[in-house]
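Inside the fold
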Amino acid sequence: MEYKIGYLGPRGTFTQQAAEQLMPKNRQLIPYPSIADVLLAADEGKIDAAVVPIENSIEGSVNLTVDFLANQVELYIAKEVVVPVSHSLLVNHGVHLDQIQTVMSHPQAIAQCRHYLREFLPNAQTEHLQSTAKAAEYIHENKDRDKAAIGTVLAADIYDLTILAANIQDRTNNNTRFVLVTKKWKELLEYVRSDNEPWKTSILVTLGKDYPGALYEVLRSFAEESIDLTKIESRPTKKQLGSYHFFIDLHGHIDDEKVQKALAHVKKTGSTVQFLGSYQLLTFTPLKKSGS
Ligand SMILES: O=C(O)C(=O)Cc1ccccc1
């Protein structure tokens, strides 16, 4: 069995590196031009699963991914991986820093390199593209001599670019969480599960009606079962201003008795619970060839 795994492409993205490790065997990796495209392809059954970034240690949630999983598609997280993100400034061969007028990349990559850009390219414009590798591919194809891309060391190799500066991110501890999401959750879970890694579960809670202590009641349900929450984040429901739902990550598997008990209690308080997946963390192995 070969699984079709889509990822935010083109070749040379951080997402590709995550995808390679999330599904090391029996898979065909297929690049998609945007997060929306790859999630919709998985939702429509054109591919078996998608790999997308979901959260960054500096910039926070990747809202597009989180909102899609909540509202637009029915996909479940089967595995996660945390990838250390190191950005490089990529140019066509022979281009110098003082020639660069535009820096192109994924918005999060540009945001993560603000200090470098302010110090070394204070007059350059920035341009947002769908991914870091798209920017690298663009300047390669157009042979631009006044543009640079922020991207991976891998992209420099693929698109035949020079690394003008490496490790240009503001913080050395720049990590991004990527998830493997699928409609075939049970099947893929069997495939990617590891023996002794603890489980996490992601859910989306929508409060039934707004009354004092509604969120407190939800949180109490988990506290009473001694369930550890690792993340809680509110996002607008997009239905009306001031209406939110809550993304909650917790320790445990959806089938655990205490998780079931806590969720039953949450529902009893009038809130709804949308399951987003139970999954384990894969430990990322850094590439041998790296920019550092
Ligand atoms: O564009 C990429 O290479 C991605 O995989 C998305 C991304 C962008 C910036 C930081 C982490 C992931």
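Residues numbered from 1 in each chain as written. Predicted model: local features only at pLDDT ≥ 70, side-chain atom pairs only at ≥ 80, totals over all residues. Heavy atoms only, no water.

Looking now at the packing of helix α9 (residues 214-224) against helix α10 (residues 257-268). Any two packed helices are characterised by how steeply their axes cross, that is the angle between the axes, and by the distance between the axes. Viewed as axis vectors pointing N to C, α9 and α10 meet at an angle of 160°, and their least axial separation amounts to 8 Å. When the axis of α9 is compared with that of α10, the two are roughly antiparallel. Every pair of crossing elements has a handedness; the one defined by α9 and α10 is right-handed. Counting all contacts with α9, which are made through Glu-217, Val-218, Arg-220, Ser-221 and Phe-222, the residues of α10 involved are Ala-262, Leu-263, His-265 and Val-266. The residue inventory of the contact of α9 with α10, partitioned by class, reads five nonpolar, two polar and two charged. (Axes fitted to C-alpha atoms, helices over the stretch in contact; angles between N-to-C directions. Helix = DSSP H or I, 4+ residues; strand = E, 2+ residues; numbered from the N terminus. Parallel < 35°, antiparallel > 145°, perpendicular 65-115°, else oblique. Left-handed = near helix turned anticlockwise from the far one by under 90°. Contact = heavy atoms within 4.5 Å. Nonpolar A, V, L, I, M, F, W, Y, C, P; charged D, E, K, R; others polar.)

Now for the environment of Gln-72. Tracing the chain through its elements places Gln-72 in helix α3 (residues 63-72). Residue Gln-72 is classed as partly exposed on the basis of its relative accessible area of 47%. As a C-alpha pair, Gln-72 and Leu-39 span 33 residues in sequence and 9.0 Å in three-dimensional space. Dropping the residues within four chain positions of it, Gln-72 is found in contact with Asp-43 and Asp-67. (Buried < 20%, exposed > 50% of the residue type's maximum accessible area, 1.4 Å probe, protein only.)

The next point concerns unusual backbone geometry. In the segment running from Gly-9 into Pro-10, the intervening peptide bond is cis, with an omega of 0°. Positive phi values are uncommon outside glycine, yet Asn-26 reaches one of about 45°. On the secondary structure map, Asn-26 appears in the loop between α1 (14-22) and β2 (27-32). Residues other than glycine seldom take positive phi values, yet Lys-238 does so here, at roughly 75°. For Lys-238, the position within the fold is in the loop between β13 (229-236) and β14 (244-251).

Residues in contact with the ligand, as listed here, are Leu-8, Thr-13, Phe-14, Thr-15, His-106, Ala-109, Gln-112, Ser-131, Thr-132, Thr-176 and Phe-178. A distance of 2.5 Å separates an oxygen atom of the ligand from a polar atom in the side chain of Thr-132. Starting from 310 Å² of accessible surface for the ligand in isolation, the protein chains cover 99%. For the shell around the ligand, the secondary-structure elements that each account for two or more residues are α1, α4 (107-112) and β11 (175-182). For the shell around the ligand, the per-class residue count stands at four nonpolar, seven polar and no charged. (Near = heavy atom within 4 Å. Polar contact = N/O pair within 3.5 Å; in protein donor to acceptor, adjacent residues only side chain to side chain. Areas by Shrake-Rupley, 256 points an atom, 1.4 Å probe, with all protein chains shown as cover.)

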